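# Topology and contacts: notes
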Amino acid sequence: MEDDTLAQIKSVVDSLGSPITDLQILLSLLCRPLDYIGLLPPQCRQFNLEPLQGSRVLDIAKALPPLQRVLIEHVLPTWSTVLIDEGHLPLADQYFCPDAFSFALSVAGDVVLCAYSTLLSSVLTEESIRLLVKLSIQYPIDRLHIAAFAGNDLSARKSVRWDDCLRNVFAVPLKAANAVGTRDLPPELELATYFNGFSSGTERLIFTLSRSPSQDRITSVTQLLMKLVNVGVFPSSSFLPPSQPSFFRSTLATIRAKFRQDDGHSYSKFWTNTLISLSSTVAQQTIFASLCSSLAQLPSNLGVTAKDRGIIVQESLLLRTMFGTLQPESDVWNGVLGVILSHDWKESYARIFVSWAAGAKTGPMNSEALQALLSRTLEMWCAPEHIKHSLLSRHHYITSLLLLIVSYFPRQSECVVSTALSPRFVTAVGQYINHLDNNIRRCGMLAAELVATRAGKNLDFGDWDGDADGKPWTRDLRALCSARDIDFDPCTGDELEPATEESTPAEEIITAGVLEDTEISALKLTKADVAAGYDSDDSLTGYASPTSSRSASPTPSELDEMEKDPTLRVGVKKIPRPVYLAQLGEMVRSARVKPGEESQEADKIEMALNVAEELIRKKRDYGTELEENAANLVYGFTSLNDNFELDGFENKRQRAINALVACCPRVSAACIIEEFFSNQYSTEQRFVILNALVLGARELASLPVHSANLQPLNNQRTTFPSKTLPPTLHQKYLTVDGQTNGTVQGLLEGVTRAAIDRGKEATADKVPEFVRERQLRIRKSPKVVEVSPVERRSRALLPGQTSHPHRTAFIDIAAEYFIMPFINRFWAFLRNEQTREERTAHRDALYRYHGAGTGLVLNPVVLSQFMGSLALLVHAAQNAPQWLPIIAPGALELAVALGTRPISRAVSGDTDSTEPTGESWGKEASVLTAALELSLIVLDGCLELDGGRSLGLEHTGLLLGAGEWAGKIFELLEKGTLVEGGGGVHEVRLRRAAAGVLLKVDELTSKWRRSMVDVR
């Protein structure tokens, strides 16, 4: 019967792995396994149309991982957005993180254990990380422990399950950080937040297991603590940054409170047995050092008030409660003693350690532990290396530890007398007295006096008054040793609790009523005026308006609820959200609209525009679906018109086409270039095509994209003459052709300016004053170091590294799919257009074909935008291997040809002239500017890459022709010649571009003139 159930589940897995076109089918498939294992939420039972048949208990570890894998790899990448919109995402999450109603079920724990293994064994996506965040919050480690040890399985199998669980939960932060890369990691999975919460769960687990302890439970907790030690959750420093996780910083307050309530001592005994059972002495020392660094700090390390001594006793009781009584033969003796004597603690810690060794006020004094501790401390204090090389702080600590131990013994006790008379101690006192540092010398003198006094002898070196040479410290320590901390009562614990802010009274939280809408609006308006710096007239005073008797207007959230109310939308068919790219293509390329469905067609297009970019980018690394549908989507979005005046139509369409070019460049670039030269598109649509090519290429090249609307225009010639327009409309009409070509022109402006500035730097080397100034500057060492291929391969083999899909770089495809197809297709198009003009040249002016007509490719508006886009593509591909031999000469030849040769017979707009000579061959200023800027970018790139060698020696004629052409234009402009379409920004840019080309050509020819061969 179980095999039959598994077969049914396999059928569900196969159905989920295949394309699903209907949400109801998906919900039905999701409900069937959940209902069988008892995790189906009650509100989702209506979707379970075909329940699974069977009566036996299902093996979750065998049946659920295939379902989880198909969900994370196929269903959620496609349907997550739709499930969120419809409110059904918790149903899919139920397969990984069962809700609060199922938290206590044993099957929920099994599901979570399988979920960790499935998620971490797959490539982590955004959905996987979201589920890991949800798991870390809702299912802490104490709940996972219950799941791992539940059932009637063998003890060995439970131990294996617990080992797998620990390995998975400890790998979550590292794998999540590797998966997100440079993106933001969810705060819940950051190292400090994750392991601080993990520490709190560990403390709860210890408290739960302490009620019925057993050796298996102690072993499982020791495994957990060993893992925490290995990841650094037990730091030994008192001052920790927020990014450092700390076990005791998160749990010590809770541990103190539970110790005070532990009447049966079961909680403390479990802690002690667990820490003693740790297999590694290093782990014991790490935990003990971390606990000591988290203890309460005294205002004065040598304070002798009753409060100070009570805190010391309370902290020593905490050590005894966790680590037990300190016995020389105990398992933790050597580890604890190593921490006490090897770390540089303060004097207050010495007081705590001695009080703990003495028994911490829990019975008679532990003389055996004190004697063993005195022997080891005396050995350290008398060591010549310690006397000569230790710092003053360590001398203070070891000396205070020694004298505090001596002060706990009765006067003239055998142990103190033997210490005072031991040759080792007497020799060490002499070495201290001979020390060159007066502060260290007084440590030995004080120890000799106090030990001699406790042994019944008289010894007084004198000269203890004053503030120099550590005398105040010696007086404080002498006062401290006059009484024992252990003789005082421990503090109540209030002094050890962290200070908390006073809670706000309930009367201040609960308001008497809700503010009227008029009062809220007035309050917002007042805040806005104050924030804007508005200075009102002092003669105008406000007044309190009477409360309106009308009901308040609905808020935006209420309007949205009314919009979604099914009772108010009877007969209105809801447009389903597309989850596959084929569905998206059908929405934007629908054939005919049936009568009466115009509004539905508008909703389809609006839905397609809203989800297009997100869906395209989501499918980027998801099989071949994007490659199969890219061409169809390019045709659909490119030919889309705003027939329904949708909000944000242009922006959303542009972003969708940009995403197509960036995510599937090999298919989309070829399609979009071919569509650009079709005569069915308007000027606006051609600008969209050019923007998509540029912005997609820059995204592939990891270059920034700036909006031209955000850049100020400093040229006063472009200022709009009317001052009565609102700022929004003023900016709209100020930008040439609105937003469509502002992006390309703004980017081109920045690239051109950078190229000219580099020319200034190169020219500055020829001026002696500038050369001297540069030589006097301090050169900074480079901060970025290239990683060698060997090191890169070695890093790739490190554990924890996750392989991500290879992203296409623009330099790898620039020549083959972008630039050269664009240039070659333009030459073919120009040849065809000129041939059509020649065929109709003998006809009357009204019937001639004009290739440079309005909206066509050869029109100056479109042509200048074409060359600007090509210039940006050439600039982005500068590091491509084909740039110098193919891209640079091809682009420069195109720029020179379009800047010097006639393109159309009607380029000047004089349709009646048939003569091929005269002023009818004049060029528009925008075309000349774009051609010169394209030439400038090519020349600047050649100088940057190889100093212009390949262009100057292999394409000498082309280089000299470009220089001659730019020189002639600059000469005419200097004489005051007016260019058609000049003025405004074009006048400044044309003059600057011509001068820039002249400088670049001069710099290049002056470097390679002797090797050039003029082939003209």
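Anything mentioned here points back to the structure above.
Note that the structure is a prediction, hence the values are computed from the model and not measured.

## Some words on the overall build of the chain
Across its full length, the chain holds 43 helices and zero strands. In the chain, buried positions account for 45% of the 1016 residues. When contacts within the chain are restricted to residue pairs at least 6 apart in sequence, long-range pairs at least 24 apart make up 76% of them. Total accessible area on the chain is roughly 52,600 Å²; 53% of this is exposed by carbon and sulfur atoms.

## What to know about helix α19 (residues 392-408)
The first and last C-alpha atoms of α19 sit 24 Å apart over 17 residues, in line with the 24 Å expected at 1.5 Å per residue. Within α19, 15 of the 17 residues are buried, leaving the element largely enclosed by the surrounding structure.

## Points about the packing of helix α9 (residues 191-209) against helix α10 (residues 215-230)
With their axes 11 Å apart at the nearest point, α9 and α10 run at an angle of 165° to one another. With respect to their mutual orientation, α9 and α10 come out roughly antiparallel. Crossing angle aside, the handedness with which α9 passes α10 is left-handed. Every residue of α10 that contacts α9 at Phe-195, Phe-198, Thr-202, Leu-205, Ile-206 and Leu-209 is listed here: Arg-217, Ser-220, Val-221, Leu-224, Leu-225 and Leu-228. Here the residues of the contact of α9 with α10 sort into nine nonpolar, two polar and one charged.

## Focus: the state of the cysteines
According to the stated counting rule, one finds zero disulfides in the structure shown. Of all cysteine sulfurs, the one in Cys-44 lies closest to Cys-31, which takes part in no disulfide; the gap is 5.4 Å. Owing to a relative accessible area of 0%, Cys-31 belongs among the buried residues under this scheme.

## Description of a nonpolar patch on the surface
A surface patch of nonpolar side chains, about 210 Å² in accessible area, is lined by Ile-433, Leu-459 and Phe-461. Inspection of the secondary structure assignment puts Leu-459 in the loop between α22 (438-454) and α23 (471-481). Accessibility expressed as a relative area gives 35% for Leu-459, which makes it partly exposed.

## Quick notes on the side chain of Asn-658
Residue placement: Asn-658 occurs in helix α30 (residues 649-663). Looking at Asn-658, the relative accessible area reads 9%, which means it is buried. Those residues in contact with Asn-658, other than ones at most four positions away along the chain, are Asn-691, Ala-692, Leu-695 and Gly-696.

Rules used throughout
Each residue is numbered by its place in its chain's sequence as written, counting from 1. Reporting of local features is limited, given that this is a predicted model, to residues whose pLDDT is at least 70; pairs of side-chain atoms are given and counted only at 80 or more, and all residues count toward the totals for whole chains, interfaces and linings. Where side-chain values are given, they derive from all heavy atoms of the structure, hydrogens and water being excluded. Helix numbering and strand numbering both begin at the N terminus, where a helix is a DSSP run of H or I of at least 4 residues and a strand a DSSP run of E of at least 2. We call a residue buried when its accessible area falls under 20% of the maximum for its residue type, exposed when it is over 50%, and partly exposed in between, using a 1.4 Å probe and counting protein chains only. For this analysis, residues touch if any pair of their heavy atoms sits within 4.5 Å. Accessibility throughout is a Shrake-Rupley quantity obtained with a 1.4 Å probe, and a residue counts as covered only by protein chains that appear here. Take the number of residues in a helix, subtract one, and multiply by 1.5 Å to get its expected span. Comment: axis = line fitted to C-alpha atoms, over the contacting stretch for helices; angle = value between 0 and 180 degrees taken between N-to-C directions. When describing relative orientation, an angle under 35 degrees is termed roughly parallel and one over 145 degrees roughly antiparallel, while 65 to 115 degrees is termed roughly perpendicular and anything else oblique. Handedness of each helix crossing follows the sense of rotation of the near helix against the far helix: counterclockwise by less than a right angle gives left-handed, clockwise gives right-handed. Residue type decides the class: Asp, Glu, Lys and Arg count as charged, Ala, Val, Leu, Ile, Met, Phe, Trp, Tyr, Cys and Pro as nonpolar, and the leftover types, Gly among them, as polar. The disulfide definition used here is simple: a pair of cysteine sulfur atoms within 2.5 Å. Surface patches are drawn from residues lacking salt bridges whose relative accessible area is over 30%; two like charges belong together within 9 Å, two nonpolar side chains (Val, Leu, Ile, Met, Phe, Trp, Tyr) within 5 Å. Put simply, a salt bridge is a Lys or Arg side-chain nitrogen that is within 4 Å of an Asp or Glu carboxyl oxygen.

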